[in-house]
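As a plain string of letters, each chain reads:
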Amino acid sequence: MLSSRASSVGPMTTKITTAGPVFRPDEPGFDEELSGFQLGVQHRPELVVGATGTADVQAAVRAAAGRGVPLSVQSTGHGRLVADDGGIVVTTNRMAGVTVDPATRTARVEAGARWGDVVEKAAVHGLAPLSGSFPGVGVAGYTLGGGLSLLSRRYGYAADHLRAVDLVTADGELRHVTGGNDPDLLWALRGAGSAFGIATALEIGLVPLRTVYGGRLSFAGDDVPALLDAFRSWSAGLPEATSSSVALMPFPDIPAIPEELRGRYVGTLAVTHAGPAAEGAELVAPMREIGTPLVDTMRELPFTESGTIHNEPAQPHSYTGTNALLTELAPAVGAAAVELGGPTAPVLCVVQIKHMGGAMTREPEFGAAIGHREAGYLFSLVSPAFGGDAASARPVHERLMSAAEPWTLGVLPNLVYGTDRAPLEARSVYGEANLTRLRELKQQRDPANVFPGRVPL
Ligand SMILES: Cc1cc2nc3c(=O)[nH]c(=O)nc-3n(C[C@H](O)[C@H](O)[C@H](O)COP(=O)(O)OP(=O)(O)OC[C@H]3O[C@@H](n4cnc5c(N)ncnc54)[C@H](O)[C@@H]3O)c2cc1C
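Residues numbered from 1 in each chain as written. Predicted model: local features only at pLDDT ≥ 70, side-chain atom pairs only at ≥ 80, totals over all residues. Heavy atoms only, no water.

### Quick notes on the pattern of salt bridges
Turning to step 1, where the next piece is worked out: Tallied over the entire structure, the rule returns 18 salt bridges.
Turning to step 2, where the next piece is worked out: A salt bridge links Asp 166 to Arg 108; its shortest N-O distance comes to 3.0 Å. Separated by 58 residues along the polypeptide, Asp 166 in strand E10 (residues 162–168) and Arg 108 in strand E8 (residues 106–110) bring together distant segments of the chain.
Turning to step 3, where the next piece is worked out: Residue Asp 166 is classed as buried on the basis of its relative accessible area of 11%.
Turning to step 4, where the next piece is worked out: A relative accessible area of 35% places Arg 108 in the partly exposed class.
Turning to step 5, where the next piece is worked out: One salt bridge connects Glu 363 with Arg 373, and the closest N-O pair in it is separated by 3.4 Å. Here Glu 363 is found in the loop between strand E20 (350–355) and strand E21 (377–384), whereas its partner Arg 373 is found in the loop between E20 and E21, with 10 residues between them in sequence. (Salt bridge = Lys/Arg side-chain N within 4 Å of Asp/Glu carboxyl O. Helix = DSSP H or I, 4+ residues; strand = E, 2+ residues; numbered from the N terminus. Buried < 20%, exposed > 50% of the residue type's maximum accessible area, 1.4 Å probe, protein only.)

See below:
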């Protein structure tokens, strides 16, 4: 049944007719509709459209464009930055279909689908998507923002494998965008997607992969300097099939934390080797020399269990984070991570250093709006923001970013959360040449800025 609602968005009353529900503030279901993984940022729009299909998305785009009010889209709420005040939010969680075509090694994924579902459906055919560390993350926001996968050193960014997008554009029309019919727009959607429309479905390439070798080795705080030293030289010699990172974290002294980690400063090596298990075990062996691990989960595992590698908390919570793409892993960056972000930091800070490079340095056919492909490492910070208080973490994050500044190329847009848009300065995200091309395209395709996007162009 169609829901037809007159709602006062902007200076005049907007009538919007949709198949899905429409919510206004103070109506039952409004808060639930906007709930998502990030609890520290609550959107406060004038209208929420719970889209059930393309026509609902088109109705929302036309309503927002017609009234000149802000429009944003929410899938899972993992990537929220700041609260969107006023305007219209389209929620896509009701559009979550996933189908896999093994013959063309592609998946068609609706806008609200999560990675876990794609991983499961692809695995039936011995295939895997370029998914990330956490299966609950949404495919659309992740891929349209670039998408740094567990498999990226071997296969590139997730956006490099984006083959087609069903996109509602600023005029409210639905376009099936491919490299063949609109190479410029496909290029832009591969990294800067949210500034050019609302995707209703994505077609993504899959890779033949059933199992990986991987897991975590966690070392006690005294071993952290040795872990960082070893990681620097060890990672530099790894094949492209191996992705790895080191995470440094002071674990709180609370019962929810496993006893071996509780109350301790811990350095954790995480590995995903997209190759034979014996080869992976041999590659990891030198890192076992660092000390006696507190935790060792290294094993061969089906890709359907890849979410266990980083083992991130599944409960929605408040968090704030930023990052820097680095040319190299200078010893000073590791030292700053321990000194400024370690156990004596005034706020809990999870510092992650991820090995980049490999296939991420190569452009796919039709290219992608991804900056700084030459980065050697990613330095990322996440802190809990209890009760939405991101401000207390900011001075710590700023000091850490300053320490990394001499080696900083720019920022990876996906891993910026619960903060204002300042870290997402467009030049820093895309680099000069990409930004010039993006701005020209934005001027042609969305001059009224109907889609403000995650990174303001
Ligand atoms: C625990 C955790 C693990 C993560 N792991 C990784 C990782 O391994 N690799 C990585 O690259 N990132 C990772 N991320 C970051 C993640 O990719 C971003 O937060 C991304 O924005 C999430 O997309 P979403 O759709 O789930 O979130 P949402 O918050 O719902 O959406 C984020 C933004 O994406 C855009 N968007 C969403 N849907 C559409 C659409 N249909 N059309 C146009 N634009 C849309 C909008 O700008 C929206 O504001 C992780 C985040 C968390 C919290």
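### Describing the site of the ligand
Turning to step 1, where the next piece is worked out: Near the ligand lie 30 residues; those nearest to it are Ser 75, Thr 76, Gly 77, Gly 138 and Leu 148.
Turning to step 2, where the next piece is worked out: One nitrogen or oxygen atom from the side chain of Thr 76 is found 2.5 Å from an oxygen atom belonging to the ligand.
Turning to step 3, where the next piece is worked out: Between the ligand and Gly 138 there is a distance of 2.7 Å, counted from an oxygen atom to a backbone nitrogen or oxygen.
Turning to step 4, where the next piece is worked out: The element that contributes the greatest number of residues to the shell around the ligand is helix H4 (residues 139–144), accounting for 4 residues.
Turning to step 5, where the next piece is worked out: Considering only residue class, the shell around the ligand consists of 13 nonpolar, 14 polar and 3 charged. (Near = heavy atom within 4 Å. Polar contact = N/O pair within 3.5 Å; in protein donor to acceptor, adjacent residues only side chain to side chain. Nonpolar A, V, L, I, M, F, W, Y, C, P; charged D, E, K, R; others polar.)

### Structural notes on helix H6 (residues 183–192)
Turning to step 1, where the next piece is worked out: Counting buried positions along H6 gives 8 out of 10 residues, so the element sits mostly inside the fold.
Turning to step 2, where the next piece is worked out: Buried within H6 are the following residues: Leu 185, Leu 186, Trp 187, Ala 188, Leu 189, Arg 190, Gly 191 and Ala 192.
Turning to step 3, where the next piece is worked out: Close packing links the buried residues of H6 with H4, E10, strand E11 (174–178), helix H12 (426–430) and helix H13 (432–445). (Contact = heavy atoms within 4.5 Å.)

### Notes on empty space enclosed by the protein
Turning to step 1, where the next piece is worked out: Counted according to the given criterion, the structure contains 3 cavities of 30 Å³ or more.
Turning to step 2, where the next piece is worked out: The calculated volume of the largest cavity comes to roughly 80 Å³.
Turning to step 3, where the next piece is worked out: The wall of the largest cavity is formed by 13 residues, among which Ile 370, Gly 371, Leu 412, Pro 413 and Val 429 lie closest to the centre.
Turning to step 4, where the next piece is worked out: Each residue belonging to the lining of the largest cavity can be placed in one class, and the counts come to 9 nonpolar, 4 polar and no charged. (1 Å grid on protein atoms, 1.4 Å probe; cavity = no way out; pocket = protein on both sides within 12 Å on 5 of 7 lines; lining within 4 Å. Points joined across faces, edges and corners; volume = space filled by probe spheres on them.)

### Concerning the environment of Leu 174
Turning to step 1, where the next piece is worked out: With respect to the helices and strands, Leu 174 occurs in strand E11.
Turning to step 2, where the next piece is worked out: Note: C-alpha distance between Leu 174 and Ile 198 (24 residues apart in sequence) is 9.4 Å.
Turning to step 3, where the next piece is worked out: Beyond its immediate stretch of four places on either side in the chain, Leu 174 contacts Thr 54, Gln 58, Asp 166, Leu 167, Val 168 and Thr 200.

### So, the pairing of strand E19 (residues 319–326)
Turning to step 1, where the next piece is worked out: In terms of burial, E19 is a largely internal element, 8 of the 8 residues being buried.
Turning to step 2, where the next piece is worked out: Bridge count for E19 against strand E22 (residues 408–410) is 2 bridges, and the pairing is antiparallel. Pairing of Leu 326 across the sheet is with Thr 408, part of E22. (Pairing = 2+ DSSP bridges.)

### So, the layout of surface pockets
Turning to step 1, where the next piece is worked out: One number sums up the size of the second largest pocket: a volume of about 390 Å³.
Turning to step 2, where the next piece is worked out: Lining the second largest pocket are 21 residues, with Thr 322, His 397, Glu 398, Met 401 and Pro 423 sitting closest to its centre.
Turning to step 3, where the next piece is worked out: Every element with two or more residues in the lining of the second largest pocket is listed here: E19, helix H11 (394–404) and E22.
Turning to step 4, where the next piece is worked out: No other element matches E19, which puts 5 residues into the lining of the second largest pocket.
Turning to step 5, where the next piece is worked out: Residue composition of the lining of the second largest pocket, grouped by class: 7 nonpolar, 9 polar and 5 charged.

### So, helix H7 (residues 224–236)
Turning to step 1, where the next piece is worked out: In a regular helix each residue adds 1.5 Å, so 13 residues correspond to 18 Å; H7 covers 18 Å between its end C-alpha atoms and thus fits that length.
Turning to step 2, where the next piece is worked out: Among the residues making up H7, those that are buried are Val 224, Leu 227, Leu 228, Ala 230, Phe 231, Trp 234 and Ser 235. (Expected span 1.5 Å × (residues − 1).)

### With respect to the packing of aromatic side chains
Turning to step 1, where the next piece is worked out: Taken as a whole and judged by the stated rule, the model has 6 aromatic pairs.
Turning to step 2, where the next piece is worked out: Connected via pairs of aromatic rings, a cluster forms that spans Phe 37, Phe 134, Tyr 319 and Tyr 417.
Turning to step 3, where the next piece is worked out: We note Arg 437 situated over the ring of Trp 187; from NZ or CZ to the ring centre the distance is 3.9 Å.
Turning to step 4, where the next piece is worked out: Directly above the ring of Phe 196 sits Lys 442, whose terminal nitrogen or CZ lies 5.8 Å from the centroid. (Phe/Tyr/Trp six-rings, centres within 6.5 Å; stacked < 30°, edge-to-face > 60°. Lys NZ or Arg CZ within 6 Å of the ring centre and 35° of its normal.)

### A few points about the environment of Asp 101
Turning to step 1, where the next piece is worked out: Note that Asp 101 resides in strand E7 (residues 98–101).
Turning to step 2, where the next piece is worked out: Here Asp 101 falls in the partly exposed class, since its relative accessible area comes to 33%.
Turning to step 3, where the next piece is worked out: When the C-alpha positions of Asp 101 and Ser 72 are compared, they lie 31 Å apart, and in sequence the two are 29 residues distant.
Turning to step 4, where the next piece is worked out: Here Ala 103 takes part through its backbone nitrogen, which lies 3.0 Å from a polar atom of the side chain of Asp 101.

### Things to note about the confidence of the model for the protein
Turning to step 1, where the next piece is worked out: Per-residue pLDDT for the protein averages 94, and the proportion of residues at 70 or more is 96%.
Turning to step 2, where the next piece is worked out: Overall, residues 7–12 carries pLDDT values under 50, and its contacts beyond four positions in sequence, including any with other chains, amount to 19 contacts. (pLDDT = per-residue confidence, 0-100.)

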